[in-house]
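Remarks on the overall topology
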Amino acid sequence: NAGVMQNPRHLVRRRGQEARLRCSPMKGHSHVYWYRQLPEEGLKFMVYLQKENIIDESGMPKERFSAEFPKEGPSILRIQQVVRGDSAAYFCASSPRQGLTTYEQYFGPGTRLTVT
Amino acid sequence: EDQVTQSPEALRLQEGESSSLNCSYTVSGLRGLFWYRQDPGKGPEFLFTLYSAGEEKEKERLKATLTKKESFLHITAPKPEDSATYLCAVKGANSKLTFGKGITLSVRP
């Protein structure tokens, strides 16, 4: 029973390049969340997606960042024209569903992005 | 806006020395309070969910409790392998989790 999978685990990009982070949720989970963790900071919510829909992107910077969760394939977090401040650990989490009942979010191992 | 404050920031214990980690929160319409464990270089690992004041849950040496304003993670007779960062998070009316900064626990043999 595979958990949440993320790749790559480590990503190095030069300023101005694009970063693409991938997340495959746990089997049977249809809800995906992206969080960012800066050094000495807590995990910060970025975006919540269901298949083919963005449900809540209130934590996502308005520029350069985008996320998708297509009908087929993994969820993608895309960062265009990266800057040094984007260096962080990016975590994906998944849950079975939302609604009146709250389900736990299970996290992947993260992608550590370094911008040089 | 939902807020979570964890204290202390760091805690050093001797093996076998029991203690508690604190999580204070403000949230509009609590849907759940979550405890996670995070080891260096890894993702958070789910431990507990608490839904209402007075609820308690246990797992091995860990016991989580919840009041209307706080949650405590009690660690009984800790071992070195319990060393990690413990994260508290709340879920309110929306779907996101709001996390505290975490408590780094070190247990010396």
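Just above, that's the structure.
Since we're looking at a predicted model, the values are computed, not measured.

1. Points about the pattern of salt bridges
Charged atoms that come close allow side chains of opposite charge to pair. Taken as a whole, this structure holds seven salt bridges over all chains when the rule is applied. The salt bridge involving B:Glu55 is made with B:Lys57; its shortest N-O contact spans 3.8 Å. Across the pair B:Glu56 and B:Lys63 runs a salt bridge, and its minimum N-O distance is 3.4 Å. Look at B:Glu56 and you get partly exposed, because its relative accessible area is 47%. It is possible to trace a salt-bridge network through shared partners that takes in A:Glu18, A:Arg20 and A:Arg78.

2. Quick notes on the interface of chain B and chain A
Counting residues at the interface gives 20 residues for chain B and 21 residues for chain A. Buried area between chain B and chain A, summed over both chains or domains, comes out near 1,700 Å², and the portion from carbon and sulfur atoms is 54%. Within the residue set of the side of chain B that touches chain A, elements represented by two or more residues are β4 (32-38), β5 (45-50), β9 (84-91) and β10 (97-99) of chain B. Considering each element in turn, the side of chain B that touches chain A owes the most residues, three residues, to β4(B). Looking at the side of chain B that touches chain A residue by residue, the classes come out as eight nonpolar, seven polar and five charged.

3. Some thoughts on the state of the cysteines
All names here are of chain B. Under the defined criterion, the tally for this structure stands at two disulfides over all chains. Sulfur-sulfur distance for the disulfide between cysteine 23 and cysteine 88 comes to 2.0 Å. The sign of the S-S torsion, about -65°, decides the handedness of the disulfide formed by cysteine 23 and cysteine 88: left-handed. Remark: cysteine 88 occurs in strand β9 and cysteine 23 occurs in strand β3 (residues 19-26); sequence separation between them is 65 residues. Here cysteine 23 matches cysteine 88 in class, with each residue buried.

Procedures and definitions
- Residues numbered from 1 in each chain as written.
- Chains lettered and ligands numbered in written order.
- Predicted model: local features only at pLDDT ≥ 70, side-chain atom pairs only at ≥ 80, totals over all residues.
- Heavy atoms only, no water.
- Salt bridge = Lys/Arg side-chain N within 4 Å of Asp/Glu carboxyl O.
- Buried < 20%, exposed > 50% of the residue type's maximum accessible area, 1.4 Å probe, protein only.
- Contact = heavy atoms within 4.5 Å.
- Buried area = accessible area lost by both parts, 1.4 Å probe.
- Helix = DSSP H or I, 4+ residues; strand = E, 2+ residues; numbered from the N terminus.
- Nonpolar A, V, L, I, M, F, W, Y, C, P; charged D, E, K, R; others polar.
- Disulfide = S-S within 2.5 Å.

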